[in-house]
Amino acid sequence: MTMATAPWTRRHILSLADFTATEYNNILQTATSFREVLGRRTKKVPALQGQVVANLFFEPSTRTRNSFELAAKRLSADTLNFAPGTSSLTKGETILDTAKTYLAMGTDMMVIRHKQAGVPFAIAAELDRLNAKVAVLNAGDGQHEHPSQALLDLFTICRILDPDNPQIEQLNGKKIAIVGDILHSRVARSNIWSLTATQAELHLAAPPTLLPELFAEFGKNRPGKLFLHWNLDEALENADFVMTLRLQKERMTAHLLPSLREYHQLFGLTHERLKACKPNVKILHPGPVNRGVELSSELMDDPELSLISQQVTSGIAVRMALLYLIGGGKPN
């Protein structure tokens, strides 16, 4: 098992806004090693033996929480899982007090998800103030960021381009489209940072209510180029990869969309629509998918085009890599 050679210096992983190409490649390289581990009969390594990973999910989650828990166990770490409905939060305890309780239990890493933007940052700042030397990983905060999802998306894409040695520079000159509810998506924001960190072309497509012009600011002073489209066909033309985002049905009540049927007609992905893309185009979706809204059932289940199940598998390897790097794990 070969691990990344560049030293890892970042204690927390809260945002991808200032990640360097070296850091991305470090993660891609480490995740490649762990993906190989996941293919073995014994899928466990002692890299984080004796360390404690606390999953503090103040917001419901299936994929991300289970993925982090499995990643920690594959690294031989002990895990603590927090559920707000059965916690002391219901008795008036503050979020920072909850974090300090887990600190007192000997937690080494905290994986935090919260519906409010900035909560993982506030907990990381408080732990730093206490000189606690605990690493904080943002598992999704409000409409702000979701770094591990963007990193597993990056890993999935780069493995298509080079399965043995995925590197971010392989995206140079590639055209990637992100389609859907970009305004409310923390996944989109993190993916914008990672996919413009190299000389790729990133094309965002959505109805104007879900893609305001302020998103053009994200492309300033980045190595890659960012384009906004309110017409799907322009974004899909000659695309190498297309990522579609979950349309949160609660947005309908805010009158940001006329109807789900009309959305699918204008922005839903189908085999017919993808004829505008490159012949070997691949489709990604962070899940869960609304079949027949963001993409057709036939497309979702097409093994030639869909990378959705690969994203889930990649997620465990990438989250193992993140916990290993911030936990100062020892190679096996």
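Summarised in this report is the structure supplied together with it. The structure displayed is predicted, hence computed values, not measured ones.

Here we look at the pairing of strand S3 (residues 109-114)
In step 1: Within S3, six of the six residues are buried, leaving the element largely enclosed by the surrounding structure.
In step 2: Side chains Met 109, Val 111 and Arg 113 of S3 all project onto a buried face; the interleaved residues Met 110, Ile 112 and His 114 project onto the opposite face, where all are buried too.
In step 3: Relative to S3, strand S1 (residues 52-57) is paired through five bridges, and the arrangement is parallel. Paired with Phe 57 across the bridge in S3 is Arg 113.
In step 4: The sheet contact formed by S3 and strand S4 (residues 135-141) spans five bridges and is parallel. Note on S4: the bridge partner recorded for Ile 112 is Asn 138.
In step 5: One crossover worth recording links S3 to the parallel S4 by way of helix H4 (residues 119-129), and it is right-handed.

A look at unusual backbone geometry
In step 1: Residues Gly 287 and Pro 288 are joined by a peptide bond in cis, for which omega reads -10°.
In step 2: For Pro 288, the position within the fold is in the loop between strand S9 (282-284) and helix H9 (297-300).

Considering the pairing of S1
In step 1: Summarising burial for S1: six of the six residues are buried, a large majority.
In step 2: What you see with S1 is no split at all: Val 52, Ala 54 and Leu 56 on one side and Val 53, Asn 55 and Phe 57 on the other are buried throughout.
In step 3: Relative to strand S2 (residues 78-82), S1 runs parallel, the two being bridged by five bridges. For Ala 54, the partnering residue across the bridge sits in S2 and is Leu 80.
In step 4: In this fold, S1 hands off to helix H2 (residues 63-74), which returns the chain to S2; that crossover is right-handed.

With respect to helix H1 (residues 21-38)
In step 1: Under the 1.5 Å per step criterion, the end-to-end length of H1 is 25 Å for 18 residues, consistent within 8% with the ideal 26 Å.
In step 2: By the criterion of burial, H1 is predominantly enclosed, with 13 of the 18 residues buried.

Here is what the cut-offs are and how they apply
Residues numbered from 1 in each chain as written. Predicted model: local features only at pLDDT ≥ 70, side-chain atom pairs only at ≥ 80, totals over all residues. Heavy atoms only, no water. Buried < 20%, exposed > 50% of the residue type's maximum accessible area, 1.4 Å probe, protein only. Helix = DSSP H or I, 4+ residues; strand = E, 2+ residues; numbered from the N terminus. Pairing = 2+ DSSP bridges. Right-handed = clockwise from strand over helix to strand, strands pointing away. Expected span 1.5 Å × (residues − 1).

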